[in-house]
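One-letter residues, chain by chain:
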Amino acid sequence: MPDSLSERCPRHELELCDGPDVGEVLGQVLGGVAHELANATFGIRSQIDLVLDTLDAGHPARVEIEQLEQVAERIASLSSALPRLRRTPRASNERTNVFDVVRPLIEAARAEGVRLEVDAQPSLPEVAVPAGELRHAFGALLSNAREAIGDGGSVTVRVHADGLGTLLRVEDDGAGMSDTLLARAVRPFVTTKSRAHLGLGFSVVRVVVARAGGRLRIASATGQGTEVALWLPRTL
């Protein structure tokens, strides 16, 4: 992949060149989701049990509380089943132009006031990534960049043909990441944001790239911003 930020801070770079095992990544994500669901539903069911113990058998609210209990039980059942879903998905036959997918998200971000520069090559090879997956991955990267820059920074998106594929880069001039955080960035549930954020953005991007047989690089330095580069192979 071409260098830019990595030339300024070579120690702060994480590159997944060999294509991570998709089953392993999905297993980590699903296992983490299952763990979070199990913890949440345990607390919910405990509270429901306490409420039910205080209600008489004929209390009008008891039926609704029991319905909530059934929902919590279904969620608990789902959490126990998630790890069994670990498997390597089949490669996609869908042909996608990267810029056609990311352009609407860029326009939406600009409409919301984000300072966003675009450097896109007019003619790009199609890549074997479902449009929905690519949209989700780019949306996660754009969201991360927007939060990193706050009110005063800017984001740059570059899309170019590169050898036998397409290179998509998202750069921001925000706070950047330390070596320690960067080393853990693609792990599920790693986040510096509020508890409302699950920290699955980079994990999802990693899965999408791996399924396509592509490469993912994240370069960052504290106080110097972050650059995420995805290389996706062209369709044959």
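Keep in mind the model is a prediction, meaning the values are calculated, not measured.

A. Layout of the overall build of the protein. Helices and strands together make up the secondary structure of the protein, namely 7 helices and 6 strands. Reading the protein from its N terminus to its C terminus gives the helix and strand order α-β-α-α-α-β-α-β-β-α-α-β-β. Out of the 236 residues belonging to the protein, those deemed buried represent 43%. By sequence separation, contacts in the protein at least 24 residues apart represent 73% of the contacts at least 6 residues apart. Carbon and sulfur atoms make up 50% of the accessible area of the protein, which amounts to about 12,900 Å² in all.

B. Highlighting the side chain of Asp172. Residue position: Asp172 is located in strand S4 (residues 165–172). If we ignore the near neighbours within four places in the chain, the residues touching Asp172 are Ala145, Ala148, Ile149, Ser154, Val155, Gln224, Gly225 and Thr226.

C. Local environment of helix H4 (residues 98–111). The terminal C-alpha atoms of H4 lie 21 Å apart, and with 14 residues this matches the ideal 20 Å at 1.5 Å per residue to within 8%. Within the span of H4, buried status applies to Val98, Phe99, Val101, Val102, Ile106 and Ala109. The inward-facing, buried residues of H4 abut strand S2 (116–120), helix H5 (131–149), strand S3 (155–162), S4 and strand S6 (226–233). Near the N-terminus of H4, the side chain that reaches the backbone nitrogen of Phe99, with its oxygen 3.1 Å away, is that of Asn97.

D. Layout of the environment of Pro125. On the secondary structure map, Pro125 appears in the loop between S2 and H5. It is 6.8 Å that separates the C-alpha atoms of Pro125 and Asn97, two residues lying 28 residues apart in sequence. Leaving out residues up to four positions away in the same chain, Pro125 has contacts with Thr96, Ala161, Gly165, Thr166 and Arg234.

E. Local environment of the environment of Pro233. Along the chain, Pro233 falls in strand S6. Residue Pro233 is classed as buried on the basis of its relative accessible area, which comes to 18%. Counting along the chain gives 108 residues from Pro233 to Pro125, while the straight-line C-alpha distance between them is 8.7 Å.

Criteria and cut-off values
- Residues numbered from 1 in each chain as written.
- Predicted model: local features only at pLDDT ≥ 70, side-chain atom pairs only at ≥ 80, totals over all residues.
- Heavy atoms only, no water.
- Helix = DSSP H or I, 4+ residues; strand = E, 2+ residues; numbered from the N terminus.
- Buried < 20%, exposed > 50% of the residue type's maximum accessible area, 1.4 Å probe, protein only.
- Contact = heavy atoms within 4.5 Å.
- Areas by Shrake-Rupley, 256 points an atom, 1.4 Å probe, with all protein chains shown as cover.
- Expected span 1.5 Å × (residues − 1).
- Polar contact = N/O pair within 3.5 Å; in protein donor to acceptor, adjacent residues only side chain to side chain.

Purely geometric numbers; function is a separate question.
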